[in-house]
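# Topology and contacts: notes
The residues making up each chain are set out below.
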Amino acid sequence: MKPTRVVIIGGGFAAVKFAETLRAKLRPSDCEILLFNRENHMVFHPLLADVAGASINVDAAAAPLRQMLPDVGCRTERVLRIDLAASQIEFDDGNGVLTRLDYDHVVIACGADSNLGIIPGMTEHAFPFKVMRDAIDLRQQIVRQMEQAEATSDPERRRWLLHFIIVGAGFSGVEVAGEVNELVRSSTRFYRNFSKEDVVVTMVHAQDQILPEVAPTLREFAQKKMEKAGVTILLNCRAVAATHEGVELKDGRKLLGGTIVCTIGTTASPLVQNLNVPKEKGRIRTTPEMRIEGQTNAWALGDCAFILNDFDKKPCLTTAQFAQRQGRQAALNLLRILRGEPTKPFSFKALGQLCSIGGYSAVAEMFGMRFSGFLAWFMWRGVYLFKLPTWSRRFKVALDWAWDVLFPRDLSFLNTDTSLNVAHAYFLPGDYIHHQGELARTFCIIDEGEVEALKVTPPDPEPKIIAVLSKGDFFGEATLLGDHPHETSVRARTVVRLTQIGSGLFAQIAGASTPLRDLLSRTLTRRSGDFWRRLPLARSLLSDDTLASLLDPLPAKSLNKDTTFADAILALNESPSGELLILDEKQRLWGTLDRNDLYDMTARIAIIPPEERGDLTRRKLSDLLPGNPLYVSLDEPLLVAAATMLDHGIFWIPVVRSKIDLQPVGYLRGERIRSRMIQKLSQGKSAHAQTAS
Ligand SMILES: Cc1cc2nc3c(=O)[nH]c(=O)nc-3n(C[C@H](O)[C@H](O)[C@H](O)COP(=O)(O)OP(=O)(O)OC[C@H]3O[C@@H](n4cnc5c(N)ncnc54)[C@H](O)[C@@H]3O)c2cc1C
């Protein structure tokens, strides 16, 4: 008879325990077990902070699945879809071919993904802390920051380099903060240009207590101990944005630091998101025996599942303890089903909590007793050592820990060439992207928002705006191609998102691609330093005019973000100039609408899947337009406004009272600028003729 095929998706605590238990009970000739995990190893998450803090070697916290589960078929393909009706999974076979595989039972144990998108700028500037790569990257970053702090002669930059900001003070936040603090402070003795006093580790937490999951006495102990070790703890502080400079808090304060670790924010994996089954808070709802509600041969376990604990009738916690127990019990339930026996509901009494806080100290609640300090730390290490999946791992980690107590932490790091990176960056209005005179490191493409290029021309110390750039524009090419320092500063006018291509990679692409080189040299000619140098007549004609003198009044009608597509088209038809402003709820400029935007909207609609389009005529403008239009403010020189219009090939631009309030005050039109120049030219001619006569 054909063996029953059980497909497990995931290779974490739940999946491994499930596979181990089932394999121990059923022979391969009776049951084929296939385990699909994106990586070929299981990550032991409780040790990730130790990897980041260099107190254990990277490979000690990862165990190869193939060696742990010798009689299980381990596969590293990523499962893309589960067809519950057809009992099939779909995966990419590694050569770009989608492959389908039948199953008798499927077990979904794919955990959760981190989601830094909950705070603007975190995705671009913070380190997540979920998978092995995150811990390795953070460790590299910490050592890189110390090396740069040693090299710099600028005290302000050194302070920025040595400030490490950890967002979130749950278990992983506290463990990371403790380890980072320990690594940096214990390593300062190997550097000459900074000491322990220069290091700042800040933990930012939105609640009024750290470690909300543990008893008050333990969390108070943890807080005091960490503060004594030098960690600054900011409670009741919500991070609202992250930028290259640091973290912005809700109360308006800005923490300036070069390393941000975000330990908050999780989301369901795409596989779970796309699965059409009952869910609670993004997790798959199961019956008490752990089958997916409404399914007979599909199971869900671990962090991706919403399972009620029969022990206390509460939802299970998303911890390794629970995931492992669920894995074991679900395997036993499957066995019962195969044998025609009744299943049992999941029931488990949590054993306790353990959290390391750095400096050979921890807090622990085990079997109803509480421990703190060195004893708790010793227990923490003992428990995790015992929990490690294989004996070889246990020896490895024990050796690393003993090494860590006796010898300094390892400060070597791979000096990967950052000039070959592509990164993303987020800036708030007023943030500088680079300063005039700095060496160029990146070529920047604006994904969202608007920036201004400012130039200081001695002896005048005041910077003057010489250009405004927006979505789709790029900058940095002149400096990189010319290999000289930046001739202008670039500052964000709005919230800005950039794609940044490292100088090395940029040189390779620009060198290899003729069309790109041509495009860059055309832009370079257009912008070269001062736009108006090549149009001296136009500059002299416009230099004493103000923007206000050429302003057209606002049209009687404007739209708002919530205006429907149908109403917007009607309004555009009725508008004499065919140009309308879109305002937000505070009557600030949000967008513009002219015939070009209509084409953009049509293109956007075309890519919405037909089943999601709904009634297009009732869709709001905010769904169909990106917002963030180009604008100039009344206090800007007319020359800047004209250069911005020429640079972007537009015939009109909204003018706002100031960049802060964004209240529209009128339009500037290309026609008006042209007529003004012609008027001045003819005045100049008649004056010349009068003088001659
Ligand atoms: C930094 C950190 C510290 C922690 N510390 C503790 C602690 O001290 N104590 C504790 O009890 N818990 C701790 N946890 C929580 C614990 O690690 C999780 O609850 C546990 O790992 C959940 O197990 P799981 O099997 O559900 O998922 P995971 O262990 O996350 O495993 C899921 C696996 O599925 C794979 N996968 C996802 N999608 C696919 C796909 N489409 N195809 C193939 N494979 C896929 C992933 O690559 C991953 O390997 C910690 C978590 C973190 C992040």
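Up top is the structure.
This section reports on the structure supplied with the text. (Residues numbered from 1 in each chain as written. Predicted model: local features only at pLDDT ≥ 70, side-chain atom pairs only at ≥ 80, totals over all residues. Heavy atoms only, no water.)

Right, let's get into the overall build of the protein. A tally of regular secondary structure across the protein gives 22 helices and 42 strands. For the C-alpha atoms alone, the extent of the protein along its principal axes is close to 115 × 65 × 50 Å. Per-residue burial over the protein gives 49% buried out of 693 residues. The long-range fraction of contacts in the protein, counting pairs at least 24 apart against all pairs at least 6 apart in sequence, stands at 68%. (Helix = DSSP H or I, 4+ residues; strand = E, 2+ residues; numbered from the N terminus. Buried < 20%, exposed > 50% of the residue type's maximum accessible area, 1.4 Å probe, protein only. Contact = heavy atoms within 4.5 Å.)

One pass over the structure, following the stated rule, counts 35 salt bridges. With a closest N to O distance of 2.9 Å, Asp 137 and Arg 133 form a salt bridge. Of the two residues, Asp 137 and Arg 133 are both situated in helix 5 (residues 132–151); the distance of four residues between them amounts to about one turn of the helix. The exposure class assigned to Asp 137 is partly exposed, which follows from its relative accessible area of 28%. (Salt bridge = Lys/Arg side-chain N within 4 Å of Asp/Glu carboxyl O.)

Applying the stated criterion to the full structure yields 12 aromatic pairs. An angle of 90 degrees between the planes, with centres 5.1 Å apart, marks the rings of Tyr 360 and Trp 377 as edge-to-face. On the criterion of sequence distance, the pair formed by Tyr 360 in the loop between strand 26 (352–356) and strand 27 (362–366) and Trp 377 in helix 11 (residues 374–387) is long-range, its members being 17 residues apart. Judged by relative accessible area, which is 7%, Trp 377 ranks as buried. For the pair Phe 443 and Phe 474, a centre-to-centre distance of 5.5 Å together with 50 degrees between the ring planes defines the contact as tilted. Remark: Phe 474 occurs in strand 34 (residues 474–475) and Phe 443 occurs in strand 31 (residues 442–448); sequence separation between them is 31 residues. Judged by relative accessible area, which is 6%, Phe 443 ranks as buried. For Phe 474, a relative accessible area of 13% puts it in the buried group. Of the aromatic side chains, those joined through ring pairs into one cluster are Tyr 360, Phe 374, Trp 377 and Phe 378. The cationic tip of Arg 394 hangs over the ring face of Trp 391; the distance from NZ or CZ to the ring centre is 4.4 Å. Looking at Arg 493, its charged tip hangs above the ring of Tyr 631, at a distance of 4.7 Å from the centre. (Phe/Tyr/Trp six-rings, centres within 6.5 Å; stacked < 30°, edge-to-face > 60°. Lys NZ or Arg CZ within 6 Å of the ring centre and 35° of its normal.)

The local shell around the ligand holds 28 residues, among which Asn 37, Val 79, Asp 303, Ala 320 and Tyr 384 are the closest. One nitrogen or oxygen atom from the side chain of Asn 37 is found 2.8 Å from an oxygen atom belonging to the ligand. The backbone of Val 79 places a nitrogen or oxygen atom 2.9 Å from a nitrogen atom of the ligand. Protein chains bury 91% of the 990 Å² of accessible surface belonging to the ligand in isolation. Among the elements of the structure, helix 1 (13–25) and helix 10 (320–338) are those that each provide at least two residues to the shell around the ligand. In terms of residues, the shell around the ligand owes the most to one element, helix 10, which gives three residues. Grouping the constituent residues of the shell around the ligand by class yields 13 nonpolar, 11 polar and four charged. (Near = heavy atom within 4 Å. Polar contact = N/O pair within 3.5 Å; in protein donor to acceptor, adjacent residues only side chain to side chain. Areas by Shrake-Rupley, 256 points an atom, 1.4 Å probe, with all protein chains shown as cover. Nonpolar A, V, L, I, M, F, W, Y, C, P; charged D, E, K, R; others polar.)

A cluster of nonpolar side chains, namely Tyr 360, Phe 374, Phe 378, Trp 403, Val 405, Leu 406 and Phe 407, defines an oily patch on the protein surface of about 800 Å² accessible area. For the nonpolar patch, the elements supplying multiple residues, two or more each, are helix 11 and helix 12 (391–406). Mapped onto the fold, Trp 403 is located in helix 12. (Patch = residues over 30% accessible without salt bridge, like charges linked within 9 Å, V, L, I, M, F, W, Y side chains within 5 Å.)

Taken in spatial order, the four strands make up an open sheet running 29-36-31-34, and their pairing is antiparallel. Edge positions in the sheet fall to strand 29 (422–427) and strand 34, since each has one partner strand and no second. (Pairing = 2+ DSSP bridges.)

So, on to the environment of Leu 34. Mapped onto the elements, Leu 34 comes out in strand 2 (residues 31–36). For Leu 34, a relative accessible area of 8% puts it in the buried group. In this structure, the C-alpha to C-alpha distance between Leu 34 and Asp 71, residues 37 residues apart in sequence, is 9.6 Å. Residues in contact with Leu 34, not counting those within four places in the same chain, are Arg 5, Val 6, Val 7, Ile 8, Gly 73 and Leu 101.

Summarising the sheet, strand 31 and strand 36 (residues 496–502) pair through six bridges and their orientation is antiparallel. By the bridge assignment, Cys 444 is partnered in strand 36 with Gln 500. Both strand 31 and strand 34 contribute to a ladder of two bridges, which runs antiparallel. By the bridge assignment, Cys 444 is partnered in strand 34 with Phe 475.

Turning our attention to the sheet that holds strand 23 (residues 305–306). To summarise the sheet geometry, strands pair through backbone hydrogen bonds and adopt either a parallel or an antiparallel arrangement. One open sheet accounts for three strands, arranged 20-21-23; its pairing is mixed. Each end of this open sheet is capped by a strand with a single partner; those strands are strand 20 (279–280) and strand 23.

Attention now moves to the environment of Thr 287. One can find Thr 287 in the loop between strand 21 (283–285) and strand 22 (298–300). Classification of Thr 287 as partly exposed rests on a relative accessible area of 25%. Linking Thr 287 and Ser 549, residues 262 residues apart in sequence, is a C-alpha distance of 72 Å.

Turning to the side chain of His 434, a few remarks are in order. By secondary structure assignment, the location of His 434 is in strand 30 (residues 432–434). The buried category is assigned to His 434, whose relative accessible area is 8%. Of the polar contacts made by the side chain of His 434, one reaches the side chain of His 486; its length is 3.3 Å. Once residues lying within four places of it in the same chain are set aside, the contact partners of His 434 are Phe 475, His 486, Thr 488, Ser 489 and Val 490.

Turning next to the packing of helix 11 against helix 12. Their axes nearest at 9 Å, the elements helix 11 and helix 12 cross at an angle of 155 degrees. Comparing their axes, helix 12 and helix 11 come out roughly antiparallel. Residues Trp 377, Trp 380, Arg 381, Tyr 384, Leu 385 and Phe 386 of helix 11 pack against Arg 394, Val 397, Ala 398, Trp 401, Asp 404 and Val 405 of helix 12. Within the contact of helix 11 with helix 12, the residues separate by chemical class into nine nonpolar, no polar and three charged. (Axes fitted to C-alpha atoms, helices over the stretch in contact; angles between N-to-C directions. Parallel < 35°, antiparallel > 145°, perpendicular 65-115°, else oblique.)

Among the six residues of strand 2, five are classified as buried, and the element is accordingly described as predominantly covered. Bridge count between strand 1 (residues 4–9) and strand 2: six bridges; the pairing is parallel. By the bridge assignment, Ile 8 is partnered in strand 2 with Leu 35. Bridge analysis of strand 2 against strand 5 (residues 73–75) gives three bridges, and the strand direction is parallel.

Moving on, we come to the packing of helix 1 against helix 10. For the pair helix 1 and helix 10, interaxial distance at closest approach is 7 Å and the crossing angle is 35 degrees. The handedness of the crossing between helix 1 and helix 10 is right-handed. Contacts between helix 1 and helix 10 pair Phe 13, Ala 14, Lys 17, Phe 18, Thr 21, Leu 22 and Lys 25 from the former with Ala 320, Ala 323, Gln 324, Gly 327, Arg 328, Ala 330, Ala 331, Leu 332, Leu 334 and Leu 335 from the latter. Tallied by class, the residues present in the contact of helix 1 with helix 10 amount to 11 nonpolar, three polar and three charged. (Left-handed = near helix turned anticlockwise from the far one by under 90°.)

Turning our attention to the side chain of Thr 592. Tracing the chain through its elements places Thr 592 in strand 39 (residues 589–593). Among the residues examined, Thr 592 registers a relative accessible area of 17% and is labelled buried. Leaving out residues up to four positions away in the same chain, Thr 592 has contacts with Leu 580, Leu 581, Ile 582, Asp 597, Leu 625, Pro 629, Trp 652 and Pro 654.

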